[in-house]
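Tertiary structure, described
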There are 2 protein chains.
Amino acid sequence: MRLSDDAIRERLRSLDGWNYTEGKLEKHYRFSGFMDGVAFVNRVAEAAEAMNHHPDICLGYGYVTVSVWTHSEGGVTGKDFELARKCDEAAR
Amino acid sequence: MRLSDDAIRERLRSLDGWNYTEGKLEKHYRFSGFMDGVAFVNRVAEAAEAMNHHPDICLGYGYVTVSVWTHSEGGVTGKDFELARKCDEAAR
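From a predicted model like this one, the values you see are computed outputs, not experimental measurements. (Residues numbered from 1 in each chain as written. Chains lettered and ligands numbered in written order. Predicted model: local features only at pLDDT ≥ 70, side-chain atom pairs only at ≥ 80, totals over all residues. Heavy atoms only, no water.)

Comments concerning the overall build of chain A
For clarity, the threshold we go by: What counts as a helix is a DSSP run of H or I of at least four residues, what counts as a strand is a run of E of at least two, and both are numbered from the N terminus. Values of the radius of gyration come from C-alpha atoms, whereas the globule rule sets the reference at 2.2 Å times the count of residues to the power 0.38. For the exposure calls, accessible area comes from a 1.4 Å probe over protein chains only, and a residue counts as buried if that area is under 20% of its type's maximum, exposed if over 50%, partly exposed in between. The contact criterion used is simple: two residues touch if any of their non-hydrogen atoms lie within 4.5 Å. To be clear on the numbers: accessible area is Shrake-Rupley with a 1.4 Å probe, and residue cover counts the displayed protein chains and nothing else. Just so you know, the count uses Lys and Arg for positive and Asp and Glu for negative, and it drops His and the chain ends. Note that the charge is assigned to NZ on lysines, CZ on arginines, CG on aspartates and CD on glutamates.
Looking only at helices and strands, one finds 3 helices and 4 strands in chain A. Along the chain direction, N to C, the helices and strands of chain A fall in the order α-β-β-α-β-β-α. For chain A, whose C-alpha radius of gyration is 13 Å, the value lies close to the compact-globule estimate of 12 Å for 92 residues. Seen along its three principal axes, the alpha-carbon backbone of chain A occupies a region of about 35 × 25 × 20 Å. The 92 residues of chain A split such that 50% are buried. Restricting to contacts in chain A with at least 6 residues of sequence separation, those with at least 24 account for 64%. Accessible surface, chain A as shown: approximately 4800 Å² in total, 43% of it carbon and sulfur. Of the charged side chains in chain A, 12 are positive and 15 negative, and the gap between their average positions amounts to 3 Å.

Written out as structure tokens, the structure is:
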């Protein structure tokens with residue numbers, strides 16, 4: 001179920017570095033090189049595939065940006081917060 | 001050395017599906033799922049790391065977009081065309 005803007009902002013307090021923008025949860029991760037970011041993307045991809053819930057990811061030298069939202073609901077759901085937490089675990 | 005717009009357009013004729021836009025070479029690849037695209041990103045990353053020339057990559061369910069340009073030259077160089085070809089090889 002799609003969460004309200006208020007519910008999203010409330011839940012965001014329990015996450016570090018995630019923003020709610022243009023209907024999506026988004027976080028910018030920094031890395032020291034390119035392959036560190038690629039390794040992170042692989043960990044995120046495995047978690048996403050296991051959930052059957054897939055983010056959009058942009059990466060380049062020194063950074064990875066992850067965006068999560070639920071296409072079928074047209075917004076952010078509890079599953080997106082679950083994936084956001086798994087991304088943070090993958091970055092540790 | 002940064003290539004002229006004319007030289008870039010000439011060289012683009014030998015590539016399939018690459019566009020020259022906003023000072024970068026860019027191609028949109030389609031995949032049947034998420035992990036196919038991730039596997040492609042890993043092959044591109046290995047080629048890029050070996051060249052020490054790193055693209056920007058965006059991926060999501062069913063697609064990967066690769067952008068290449070040379071930061072230090074502020075434009076597109078021969079090295080970018082080399083990386084573009086390696087991306088196409090990685091997609092085969």
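Quick notes on the sheet that holds strand β1 (residues 19-21) of chain A
Threshold: Two strands are said to pair when DSSP picks up at least two bridges between them. Between the N-to-C directions of two axes lies an angle of 0 to 180 degrees, each axis being a line fitted to C-alpha atoms and, for a helix, fitted only over the stretch in contact.
Overall, antiparallel pairing links the 8 strands, which are arranged β1(A)-β2(A)-β4(A)-β3(A)-β3(B)-β4(B)-β2(B)-β1(B) in an open sheet. Looking along the sheet, the strands with just one partner apiece sit at the ends: β1 of chain A together with β1 (19-21) of chain B. Direction aside, the axes of adjacent strands within the sheet are offset by 20° on average. Relative to strand β2 (residues 24-30) of chain B, β1 of chain B runs antiparallel, the two being bridged by 3 bridges. Opposite T21 of chain B, over in β2 of chain B, you have K24 of chain B as the bridge partner. Its contacts with the sheet place helix α1 (residues 5-12) of chain A against β1 and β2 (24-30) of chain A, and it is angled at close to 160° to β1 of chain A. Packed on one face of the sheet, helix α3 (residues 78-91) of chain A meets β2 and β4 (63-68) of chain A and runs near 5° to β2 of chain A.

Topic: the pairing of strand β4 (residues 63-68) of chain B
All names here are of chain B. Buried residues dominate β4, accounting for 6 of its 6 residues. Of the two faces of β4, the one carrying Y63, T65 and S67 and the one carrying V64, V66 and V68 are both buried. Pairing of β2 with β4, which is carried by 6 bridges, proceeds in the antiparallel orientation. Looking at the pairing, K27 lines up with V66 of β4. Hairpin connection from strand β3 (residues 56-60) to β4: 2 residues lie between these consecutive antiparallel strands, with G62 at a positive phi of about 85°.

Note that all results are geometric; they support no functional claim without further evidence.
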